[in-house]
Amino acid sequence: MSNYTDELVDFDEALDRYDPVLGFEVHVELNTKTKMFSDAPNAFGDDPNTNVTPVDLGLPGVLPVVNKTAVEYSILIGLALNCQIAEKCGFARKNYFYPDTPKNFQTSQYDDPIAYDGYLDIELEDGEVFRVEIERAHMEEDAGKLTHMGGAAGRIQGADYSLVDYNRAGVPLVEIVTKPIVGAGKRAPELARAYVAAVREIVKNLGVSDAKMERGNVRCDANVSLMPKDADKFGTRTETKNVNSLRAVEHAVRFEIERHAAVLDSGAKIVQETRHWHEDTRSTTSGRPKSDADDYRYFPEPDLVPIVTTAQWVEELRSRLPEPPAERRKRLKAEWGYADKEFRDVVNAGVLDEIEATVAAGASAAVARKWWMGEIARLAKAADKDIADLGVTPATIVELNSLIEGKKINDKIARQVLEFVIAGEGTPSEIVEKRSLAVVNDDDALGKAVDDAMAAMPDVVEKIKGGKMQAIGALMGPVMKATRGQADAGRVREIVMEKLGL
Amino acid sequence: MSAISREDVVHLAHLAHIEMSGAELDKMTGELDAIVGAIASVSEVASSDVPATSHPIPLTNVLREDTVGQTLSIDEVLLNAPDSDSDRFKVPAILDGE
């Protein structure tokens, strides 16, 4: 059916001869309480077919009614993508026959999307900014979920039958479509990943989607074509469907570039078709050719009247827009004074919110970073939990830090106290009190411990007298042991020097 | 001139997953052509300054608040299902649909 070959050309070599052109369709599931056209709950993980109304089943005589919140969320997405918002738009029926929709059509938008002509500036790893033009963002509904039974491992190939759950049918979707992305060159796979990551971050930041790719809240179809370096016309594209992790988006684009180059090098033509992504082999296989199956015979949905957006409504929504994630990062980095790598690590660790809250609660940016990237990250990893789920609050960090700065406890004790906080024993101050963890810095007790240590190690004392100040460290062990680790190291050092008249 | 050819009907039947005999195709070609012809007469009446419409009443923004309502029981949901299994509709495996 298709004349493709799985021969691949080395990525760099392919890019020497061809320019890639990309295009993305990203579907975002909105987290409204109800579905797009019915008042059934929009909820993930419920028992099959429990969130279903007659509208979702397409029963005769039903009348869909548009969810106002879903429209507002769609406008918010459009605004965040720097789009124009249509003054008037409507819905259309996209006709196809498949058991994932019992209506035999998907209610979507056709030639009048609610948002159009936008752009998103994508910052790549090294700081280079690449502008991706947005063609449109339109409203539609999700389809039901099919589970293929029998055959091999739930794949449709060889399945005996399929089971359908319509809980997801009618869940509000916004489909975001880019214009062709030209000029990314070797950075195409990286840009692909960064673009989908940016869209996911934006919808999460807007609060309009749970934005969990592993749950299918954000799904990506990736279009790839190659054109020879000297060509002025785009090549034939393929559309790799349902590439549903950021890593997979990057790999799928890279794979298709390598595969297209091999096909074109051999003199054959790329078949315009959908491709299926396989995470296990990091490759794509041929799906169906783009032909009559794309003949959806759209026509205006007669059961739904047009949506008219007034300037006042749009501006009210615009005033609700949060600070864009990219701008926020730029601002925080400047405010906190972190080095590039420090800041990148903080972003990758996903603790921007935590550090921001800790700084707001009164800690310095350096202290906040030390805790969240250090001990808290370590404890989260040890407990196999997300940092956010560990139960450490910004107030805990501020309190721990003021205990350290007030010399009530040292760093080492503070780390222990943190573990007790996580274990639910109370606030840091309560724990220090209850467990008698306050640093021993009354000079009598410390003086005695120092005397004992010096008596036990005369050779060390001689070294110190001879000017080897680092030898004081050798006394620290016995002193800490005598005070159960609660001695203030700085004070111990001072006492030693005083005693030796240095 | 015919607006609907026999090939058009074959194509539509394929899209709709409907199997049609040769006699049925012939019959349907004539009937669909008559329907399309009748509808076409509307555009002869409408002048170019009349915008296309999909709704006879000039309503806009019929919206509902995002509030959860009543759903069907499982028994009601599956009442018309030809077959079901584990509270889900059971359908023949259909290869490579979208």
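Bear in mind the structure is a predicted one, so any value in this text is a computation, not a measurement.

Caption draft 1: Focus on the overall build of chain B. Scanning chain B from N- to C-terminus turns up three helices and three strands. Element order for chain B, N to C, with α for helix and β for strand: α-α-β-α-β-β. By the compact-globule yardstick of 13 Å for 98 residues, chain B is too spread out, its C-alpha radius of gyration being 21 Å. Viewed in the frame of its principal axes, chain B has a C-alpha envelope of about 55 × 45 × 25 Å.

Caption draft 2: Main features of the overall build of chain A. Secondary structure summary: chain A contains 17 helices and 18 strands in total. Scaling as 2.2 N^0.38, a compact globule of 502 residues should have a C-alpha radius of gyration of about 23 Å, whereas chain A reaches 31 Å, well beyond that. Counting every position in chain A, which comprises 502 residues, the buried fraction comes to 40%. Excluding contacts between residues fewer than 6 apart, the proportion of contacts in chain A whose partners are at least 24 apart in sequence is 69%.

Caption draft 3: Broad picture of the sheet that holds strand S3 (residues 88-92) of chain B. A sheet is described by the order of its strands in space; here four strands give the open sequence S9(A)-S10(A)-S3(B)-S2(B), paired in antiparallel fashion. The sheet is open, and its two edges are formed by strand S9 (145-149) of chain A together with strand S2 (84-85) of chain B, each paired on a single side. Pairing analysis gives four bridges linking strand S10 (residues 161-165) of chain A to S3(B), with the strands arranged antiparallel. From the neighbouring strand, A:Val164 faces S3(B), where its bridge partner is B:Phe89.

Caption draft 4: Main features of the sheet that holds strand S5 (residues 92-95) of chain A. The strand order across the open sheet built from three strands is S6-S5-S17 (chain A), with neighbouring strands paired in antiparallel fashion. Of all the strands in the sheet, the pair left with one neighbour each is strand S6 (105-108) and strand S17 (299-300) of chain A.

Caption draft 5: Region of the structure containing unusual backbone geometry. All names here are of chain A. We note that Asn104 has phi near 70°; this positive angle belongs to a residue other than glycine. The residue Asn104 is located in the loop between S5 and S6 in this model. The backbone of Arg282 shows a phi angle near 50°, a positive value even though the residue is not glycine. For Arg282, the position within the fold is in the loop between strand S15 (273-278) and strand S16 (283-289). Given 13 C-beta atoms within 10 Å, Arg282 falls into the partly exposed group.

Caption draft 6: Broad picture of the interface of chain B and chain A. Taken residue by residue, the interface counts 36 residues in chain B and 45 residues in chain A. Listing elements by their share of the side of chain B that touches chain A, those giving two or more residues are helix H1 (6-15), strand S1 (63-64), helix H3 (74-77) and S3 of chain B. It is S3(B) that contributes the most residues to the side of chain B that touches chain A, five residues altogether. Grouping the constituent residues of the side of chain B that touches chain A by class yields 15 nonpolar, 12 polar and nine charged.

Caption draft 7: A look at the environment of A:Asp56. Residue and element names in this part refer to chain A. Its location among the elements puts Asp56 in helix H2 (residues 54-57). Considered as a pair, Asp56 and Ala169 are 113 residues apart in the sequence and their alpha carbons are 6.3 Å apart. Contacts of Asp56, omitting those with residues within four sequence positions, involve Lys35, Ser38, Ala40, Tyr166, Ala169 and Gly170.

Caption draft 8: Broad picture of helix H16 (residues 472-482) of chain A. Residues and elements named next belong to chain A. Within H16, burial applies to Ile472, Leu475 and Val479. Down the axis of H16, the buried side of the element spans an arc of 55°, and every buried residue falls inside it. Exposed positions of H16 whose direction lies more than 90 degrees from the buried face are Gly473 and Gly477. Positioned one or two residues after H16, Arg484 has a phi angle of 55°, which is positive.

Caption draft 9: Inspection of the domain arrangement of chain A at higher detail. Residues and elements named next belong to chain A. Here chain A is partitioned into domain 1 (11-317), domain 2 (325-434) and domain 3 (443-499). Placing a centre on the C-alpha atoms of domain 2 and another on those of domain 3 gives a separation of 32 Å. Across the boundary between the two partners, domain 2 contributes four residues, which contact four residues of domain 3. Partitioned by chemical class, the residues of the side of domain 2 that touches domain 3 number one nonpolar, one polar and two charged.

Caption draft 10: Focus on the packing of helix H14 (residues 443-456) of chain A against H16(A). Residue and element names in this part refer to chain A. At their nearest, the axes of H14 and H16 sit 9 Å apart, and the two run at 135° to each other. Taken together, H14 and H16 sit at an angle that is classed as oblique. Note on packing geometry: the crossing formed by H14 with H16 is right-handed. Across the interface between the two elements, Ala449, Val450, Asp452, Ala453, Met454 and Ala456 of H14 pack against Leu475, Pro478, Val479 and Ala482 of H16.

Conventions and cut-offs
- Residues numbered from 1 in each chain as written.
- Chains lettered and ligands numbered in written order.
- Predicted model: local features only at pLDDT ≥ 70, side-chain atom pairs only at ≥ 80, totals over all residues.
- Helix = DSSP H or I, 4+ residues; strand = E, 2+ residues; numbered from the N terminus.
- Rg over C-alpha atoms; globule rule 2.2 N^0.38 Å.
- Buried ≥ 20, exposed ≤ 12 C-beta atoms within 10 Å, placed from the backbone.
- Contact = placed C-beta atoms within 7 Å.
- Pairing = 2+ DSSP bridges.
- Nonpolar A, V, L, I, M, F, W, Y, C, P; charged D, E, K, R; others polar.
- Arc of directions from axis to C-beta.
- Domains from an automatic or database assignment.
- Axes fitted to C-alpha atoms, helices over the stretch in contact; angles between N-to-C directions.
- Parallel < 35°, antiparallel > 145°, perpendicular 65-115°, else oblique.
- Left-handed = near helix turned anticlockwise from the far one by under 90°.

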